[in-house]
Amino acid sequence: KDRRFKPLTPPPPASEFPPYEPRDFFRYELIHQSKKSAARVGRIHTPHGVIETPGYVAVGTNGALKAVPHQELAAAGVDLMFANTYHLMLQPGPDLVASAGGLHEFIGRDAPIITDSGGFQVFSLARPNAEDGLEMKSRRATKQKGGDGLLIRTNEHGVLFRSYRDGSSVVLTPESSVEAQKSLGADIIIPLDELPPYHIDRAVLERSVYLSHRWEARSLKAHLRDVRQQAMYAVIHGGVDRDLRRMSVEYLTSLPFDGFAIGGSLGKDTAELVELLGHLMPQLPKDRPNHLLGIGDVGSILGS
């Protein structure tokens, strides 16, 4: 245990980072914004093409959508594909993907890709809870070997978990997550964060937000040391607590992230999700893209 950090230790101040400047390889172009709802139509320009927004992001867990070739994705107007660092890290491994020329070459995709930090999958390894929020409803007890989950420990350093493939112990830190995502070479990458459950004591949630902020700051520093034409999105946290969400927005938007994802627990149902977004979205910068994480049901997509 690292005794230098108390649960509410503030993350590094913005003064430790360079000011935000638009990238020459990544930018958000606003096409239209509704005067009634403030909803935006825009384009995200990346090294591997343009992402029309708003848009649905297809999840190719191991770098591929089952039985769906990339040509069909393009024909359906799906510009961005998600790949999961956690799964790719365990098999086939980021070094092998890098030796093949990166994830685009490895899977034969000449279009934008986003990778996550691995954190969502790691925290979903904990034992399923009947009161999980919307973003965790896909968990099934049958996936958890032994019924106790594979998550072993979370601390300031990072996360220790058991591989679902062979049971070996794996450590995931903000720095190792970024390193893996650098090897994969996606256009957009995500910092490591903690995913607390929906039903949680506010004091515990507050500690989690502070931990996520410290991890995200470490991730951003690792990213800025070796950008490689990749954009990094911050992940806004705070569950459904408005004050904590505001605190998360204020801190993370003070740092030079290229976009902002809405993560953490997003409510118990679509109505609470929509209420949360109505409060949160007006607080985010207008010149950068937003990404709603972990939502895939039709009602929540249309409501958002």
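Worth saying up front: this structure is predicted, and the values here are computed from it rather than measured.

**Some remarks on the sheet that holds strand E2 (residues 40-46)**
Moving on, step 1. Spatially, the 3 strands line up as an open sheet ordered E1-E2-E3, and their pairing is antiparallel. Two strands close off the open sheet at either side, each with one partner strand: strand E1 (27-33) and strand E3 (49-53). Averaged over neighbouring strand pairs, the angle between their axes works out to 15° when direction is ignored.
Moving on, step 2. Of the strand pairs in this sheet, E1 and E2 are connected by 6 bridges, and their pairing is antiparallel. Along E2, the bridge assignment pairs Glu-29 with Arg-43.

**Quick word on the nonpolar core**
Moving on, step 1. In this structure, Ile-236 and Phe-257 are the most contacted members of the largest nonpolar core, which totals 23 residues.
Moving on, step 2. Top element by residues in this core is helix H9 (residues 270-280). It accounts for 4 residues.
Moving on, step 3. Apart from residues no more than four positions distant in its own chain, Phe-257 is found in contact with Tyr-20, Pro-191, Glu-216, Leu-220, Met-232, Tyr-233, Ala-234, Leu-252 and Arg-288.
Moving on, step 4. If you look at the next biggest cluster of nonpolar residues, it comprises 17 residues, including Phe-26, Leu-80, Phe-82 and Tyr-233.

**Observations concerning the side chain of Gln-121**
Moving on, step 1. By secondary structure assignment, the location of Gln-121 is in helix H5 (residues 119-123).
Moving on, step 2. We classify Gln-121 as buried; its relative accessible area is 10%.

**A closer look at the packing of helix H6 (residues 174-184) against helix H7 (residues 202-224)**
Moving on, step 1. Where H6 contacts H7, the two axes come as close as 8 Å, and the packing angle between them is 40°. Taken together, H6 and H7 sit at an angle that is classed as oblique. Handedness of the crossing formed by H6 with H7: right-handed. Counted together, Pro-174, Glu-175, Val-178 and Lys-182 of H6 and Trp-215, Arg-218, Ser-219, Ala-222 and His-223 of H7 form the full contact between these two elements.
Moving on, step 2. Tallied by class, the residues present in the contact of H6 with H7 amount to 4 nonpolar, 2 polar and 3 charged.

**So, the pattern of salt bridges**
A side chain with one charge may pair with a side chain of the opposite charge, provided their charged atoms come close.
Moving on, step 1. Scanning the entire structure with this criterion turns up 13 salt bridges.
Moving on, step 2. Between Arg-23 and Asp-258 there is a salt bridge whose closest N-O contact spans 3.3 Å. One end of the pair, Arg-23, is in the segment before E1; the other, Asp-258, is in the loop between helix H8 (242-252) and strand E12 (259-262), and 235 residues separate them in sequence.
Moving on, step 3. A salt bridge links Arg-246 to Asp-243; the shortest N-O distance between them is 2.9 Å. A residue pair is termed a helical-turn pair when its members lie 3 or 4 positions apart in one helix, as Arg-246 and Asp-243 do in helix H8 at 3 residues.

The rules we used
- Residues numbered from 1 in each chain as written.
- Predicted model: local features only at pLDDT ≥ 70, side-chain atom pairs only at ≥ 80, totals over all residues.
- Heavy atoms only, no water.
- Pairing = 2+ DSSP bridges.
- Helix = DSSP H or I, 4+ residues; strand = E, 2+ residues; numbered from the N terminus.
- Axes fitted to C-alpha atoms, helices over the stretch in contact; angles between N-to-C directions.
- Core = buried A, V, L, I, M, F, W, Y, C linked by side-chain atoms within 4.5 Å.
- Buried < 20%, exposed > 50% of the residue type's maximum accessible area, 1.4 Å probe, protein only.
- Contact = heavy atoms within 4.5 Å.
- Parallel < 35°, antiparallel > 145°, perpendicular 65-115°, else oblique.
- Left-handed = near helix turned anticlockwise from the far one by under 90°.
- Nonpolar A, V, L, I, M, F, W, Y, C, P; charged D, E, K, R; others polar.
- Salt bridge = Lys/Arg side-chain N within 4 Å of Asp/Glu carboxyl O.

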